[in-house]
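# Breakdown of the fold
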Amino acid sequence: FFGFVNQTGLSEIYAASDFGVLPSIAGETWGLVVNESLHHGRPVLVTDTVGSSVDLVIEGSTGAIANPTPASLARACLRVLAICQDPLTFQRCRTQVERYSVRAAAQGIAQAYRQLVPEGNDALPADRPELSGMPRVALLGEFGGTNLAGSIQHALLGMGIAPIVFRSRDAYTNSIRQKVLYRLHRRPLKLNAFAQDLAQTCIDAEIDLLITTGICPLTAAAAARMAAKGIVIVNWLSDDPWNQAYTNDYFIPALKHMSVVFSPRHANIAQLNASGAARVVYLPFAADQRFFSPKPCATLDEIEGDIDLLFVGGADAERRKTLLDAAHSELKIALYGGYWDQIARYKKFMLGIAAPEEINIATQKAKVCLILVRRANRDGHVMRSLEAAASGACLLVEHTPEHEALFGADGECVQYFYADTEILVKTKVLLANPLERHRLRQNIVQKMRATEHDYAARVREMLRVALPKFTPAA
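Worth saying up front: this structure is predicted, and the values here are computed from it rather than measured.

Criteria and thresholds
Residues numbered from 1 in each chain as written. Predicted model: local features only at pLDDT ≥ 70, side-chain atom pairs only at ≥ 80, totals over all residues. Heavy atoms only, no water. Pairing = 2+ DSSP bridges. Helix = DSSP H or I, 4+ residues; strand = E, 2+ residues; numbered from the N terminus. Axes fitted to C-alpha atoms, helices over the stretch in contact; angles between N-to-C directions. Contact = heavy atoms within 4.5 Å. Parallel < 35°, antiparallel > 145°, perpendicular 65-115°, else oblique. Nonpolar A, V, L, I, M, F, W, Y, C, P; charged D, E, K, R; others polar. Buried < 20%, exposed > 50% of the residue type's maximum accessible area, 1.4 Å probe, protein only. Right-handed = clockwise from strand over helix to strand, strands pointing away. Patch = residues over 30% accessible without salt bridge, like charges linked within 9 Å, V, L, I, M, F, W, Y side chains within 5 Å. Areas by Shrake-Rupley, 256 points an atom, 1.4 Å probe, with all protein chains shown as cover. Salt bridge = Lys/Arg side-chain N within 4 Å of Asp/Glu carboxyl O. Core = buried A, V, L, I, M, F, W, Y, C linked by side-chain atoms within 4.5 Å. Phe/Tyr/Trp six-rings, centres within 6.5 Å; stacked < 30°, edge-to-face > 60°. Lys NZ or Arg CZ within 6 Å of the ring centre and 35° of its normal.

## Focus: the sheet that holds strand S2 (residues 44-47)
Strands in a sheet are paired, the pairing made by backbone hydrogen bonds, and the direction either parallel or antiparallel. As summarised here, the arrangement of the three strands in space is S1-S2-S3, forming an open sheet in which the pairing is parallel. Across the chains shown, the open sheet's two edge strands, defined by having one partner strand only, are strand S1 (20-22) and strand S3 (63-66). When strand polarity is set aside, the average angle formed by the axes of neighbouring strands in this sheet is 10 degrees. With four bridges joining them, S2 and S3 adopt parallel strand pairing. Paired with valine 44 across the strands is glycine 63, a residue of S3. Packed onto the sheet, helix H2 (residues 32-39) meets S1 and S2 and runs at close to 165 degrees relative to S2. Contacts from helix H4 (residues 70-84) reach S2 and S3 within the one sheet, and its direction differs from that of S3 by about 170 degrees.

Right, dumping it as structure tokens:
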């Protein structure tokens, strides 16, 4: 195992190999390593979940395509080894990938632009009204997996709004000094420079709206500069800034320069108002429909697998205590999330950190899915609450007023537990009653279809509140 290899060293590794392998289970939109392997004349073995398999991999010529199972991959491996013996394989691979060069991509983008905006016309075409009158938006946050900023970006693009993107991680470094500074003060090393560069970019681009997410690397000085130029700044506050795990000295002072703070928890709204935020609005989390959806099946047997109880989330101290009774029972438990392997009692249940698509499948197959809030974060619900509901799961949910507002009374479409000691008892009751599990699954699917809990709905609400002159289409 080579570990991380910089791009400048990859060519030598490709050249030393016989063929490339990309055995993705799900979520591989394209897979640039396929292009790179073919460019070096090496055939590729990919699964049918890899997006580029349709365009680049010709079975028996430039590689092999398999199902994402060990047996299918093993058979495909033998087919690729046979291809490697053909002296013409090198040139076939090179020829196949030639039309996917950077130059070809640039030409395609230029051609699409010329079709959209005719030469000599600086304005948008008159026959494209849906592209006119749109606000200029910038977006700050994290974008991988189910992070808020990535889901917001997708929703904005669906409305015809292409935001300027700033990644919060760019305010941090990998240095020892950064690690010490974050441990002591929860502060990014490049905070001031990053925030000022962001502000200048937004001002130069004449941005109308900056959407920030979570406890973002934005200083009061940078926020004040933008506000003075008429830029509306909002924040969707995914975490509680008064949680000791996130407390820092820069974020709360920046709130007074924001037009709206959207909080997904009622518990900190009064404190946010007292901090000087101009306006605070409750906005629940959402489910990203790209990743989470129910399985269309007729019977419970077609849906469920072997797992009795599934929990998705990190191994916070309060969660380890909450799950203790279940961990000591005979239940088949599955835990997705970080740090569970560091506790001996839970290590055997841990399945690690997985892609959203895998979580969706696991959620569908589990007989019971447990939903816990983070009490240190003053949560009334969590993002997982709506994601698991969107997957059509049988949910055992920690009771809170926010959960009841989302899902209705106990037994309507979820089962609630009111004390940690009830988790094991209520799980066993549900396991013994497959008809009840099926009823709850059907009801939660109907509930989610009847209500708008996707990111498009949340972004429309944010735009309605922050930019009342702009009315986004439903």
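The rest of the description comes next.
## So, the packing of helix H7 (residues 148-158) against helix H21 (residues 455-466)
Two elements in contact, H7 and H21, have axes whose closest approach is 9 Å; the angle formed by their N-to-C orientations is 80 degrees. Between H7 and H21, the interaxial angle falls into the category roughly perpendicular. Two secondary-structure elements touch here, H7 through Leu148, Ser151, Ile152, Ala155 and Leu156 and H21 through Tyr455, Ala456 and Val459. Grouping the amino acids of the contact of H7 with H21 by side-chain chemistry returns seven nonpolar, one polar and no charged.

## Quick look at the pairing of strand S6 (residues 209-213)
Every other side chain in a regular strand lies on the same face of the sheet, so the side chains alternate between the two faces. Of all five residues in S6, five are buried; the element is thus mostly enclosed. In S6, alternate side chains face the same way, and those of Leu209, Ile211 and Thr213 on one face and Leu210 and Thr212 on the other are all buried. Two elements, strand S4 (residues 137-141) and S6, share four bridges in a ladder whose sense is parallel. The partner of alanine 138 across the bridge, within S6, is leucine 210. Regarding topology, helix H10 (residues 220-228) serves as the crossover connection from S6 to the parallel strand S7 (residues 232-236), and that connection is right-handed.

## Points about a nonpolar patch on the surface
A cluster of nonpolar side chains, Ile176, Val180 and Leu184, forms an exposed patch at the surface whose accessible area comes to about 330 Å². Following the sequence through the fold, valine 180 ends up in helix H8 (residues 176-185).

## Brief notes about the nonpolar core
Within the largest apolar cluster, 58 residues are counted, with the highest numbers of intra-cluster contacts made by Leu209, Ile211, Val234, Phe262, Leu395, Phe407 and Ile444. Beyond its immediate chain neighbours, meaning those up to four positions away, leucine 209 contacts Arg136, Val137, Ala138, Val232, Val234, Leu463, Ala466 and Leu467. Among the nonpolar cores identified, the runner-up in size contains 31 residues, and Phe166, Ala171, Leu191 and Met226 belong to it.

## A look at the packing of helix H9 (residues 191-204) against H10
Between H9 and H10, the least distance of the axes is 8 Å, while the angle of their chain directions is 10 degrees. On the basis of their axis angle, the class for H9 and H10 is roughly parallel. The residues of H10 that touch H9, namely those facing Ala195, Gln196, Leu198, Ala199, Gln200, Cys202 and Ile203, are Ala221, Ala222, Arg225 and Met226.

## Looking at the sheet that holds S4
Read from one edge of the open sheet, six strands run S5-S4-S6-S7-S8-S9, paired in parallel fashion. Of all the strands in the sheet, just strand S5 (164-167) and strand S9 (280-282) have a single pairing partner and so form its edges. Across this sheet, the average inter-strand angle for adjacent strands is 20 degrees, counted without regard to direction. Where S6 lies against S7, five bridges are found, and the strand directions are parallel. Within S7, the position partnered with isoleucine 211 by the bridge is valine 234. The strands touched by H9 within the sheet are S4, S5 and S6, with S5 carrying the most contacts at an inclination of about 180 degrees.

## What to know about helix H17 (residues 383-390)
For H17, the buried fraction is high: eight of the eight residues fall into the buried class. For H17, the set of buried residues is Met383, Arg384, Ser385, Leu386, Glu387, Ala388, Ala389 and Ala390. Phi for glycine 392, located one or two positions after H17, is positive at around 75 degrees.

## Side note on the environment of serine 37
By the element assignment, serine 37 lies in helix H2. On the basis of relative accessibility, which here comes to 1%, the residue serine 37 falls in the buried class. Excluding its chain neighbours within four sequence positions, the residues that come into contact with serine 37 are Tyr14, Gly20, Arg42, Pro43 and Val44.

## Notes on unusual backbone geometry
Excluding glycine, residues mostly have negative phi values, and the peptide bonds linking residues are mostly trans. Unusually for a residue other than glycine, arginine 186 sits at a positive phi of about 55 degrees. Notably, arginine 378 is not glycine yet its phi reads approximately 55 degrees, a positive angle.

## Thoughts on the pairing of S2
Neither face of S2 is open: one carries Val44 and Val46, the other Leu45 and Thr47, and all of them are buried. Pairing geometry for S1 and S2, over three bridges, is parallel. Along S2, the bridge assignment pairs valine 21 with leucine 45. The β-α-β motif built from S1, the intervening H2 and the parallel element S2 has right-handed crossover chirality.

## Remarks on the pattern of salt bridges
Inspection of the entire model under this criterion finds 22 salt bridges. The residue arginine 375 makes a salt bridge to glutamate 398 at a minimum N-O spacing of 2.9 Å. Pair noted here: arginine 375 is in the loop between strand S13 (368-371) and H17 and glutamate 398 is in strand S14 (residues 395-398), with a separation of 23 residues, a long-range link. A residue is classified by how much of its surface remains accessible, and arginine 375, at 39% relative accessible area, is partly exposed. Residue classification places glutamate 398 among the buried positions, given a relative accessible area of 9%. Linking arginine 439 and glutamate 436 is a salt bridge whose minimum nitrogen-to-oxygen distance equals 2.7 Å. Separated by three residues within a single helix, arginine 439 and glutamate 436 lie in helix H20 (residues 434-450), roughly one turn from each other.

## Describing the packing of aromatic side chains
The tally for this structure, following the rule as stated, stands at six aromatic pairs. Seen from their ring centres, tryptophan 30 and tyrosine 100 are 5.7 Å apart, and the 40 degrees between their planes marks the pair as tilted. Pair noted here: tryptophan 30 is in the loop between S1 and H2 and tyrosine 100 is in the loop between helix H5 (89-97) and helix H6 (102-116), with a separation of 70 residues, a long-range link. A residue is classified by how much of its surface remains accessible, and tryptophan 30, at 26% relative accessible area, is partly exposed. Taking relative accessible area as the criterion, tyrosine 100 reaches 25% and is therefore assigned partly exposed. Taken together, the ring pairs connect Phe311, Trp340 and Tyr346 into an aromatic cluster. In this structure, arginine 167 is placed above the aromatic ring of phenylalanine 143, and the distance from its NZ or CZ to the ring centre is 5.1 Å.

Geometric values such as these leave the question of function open.
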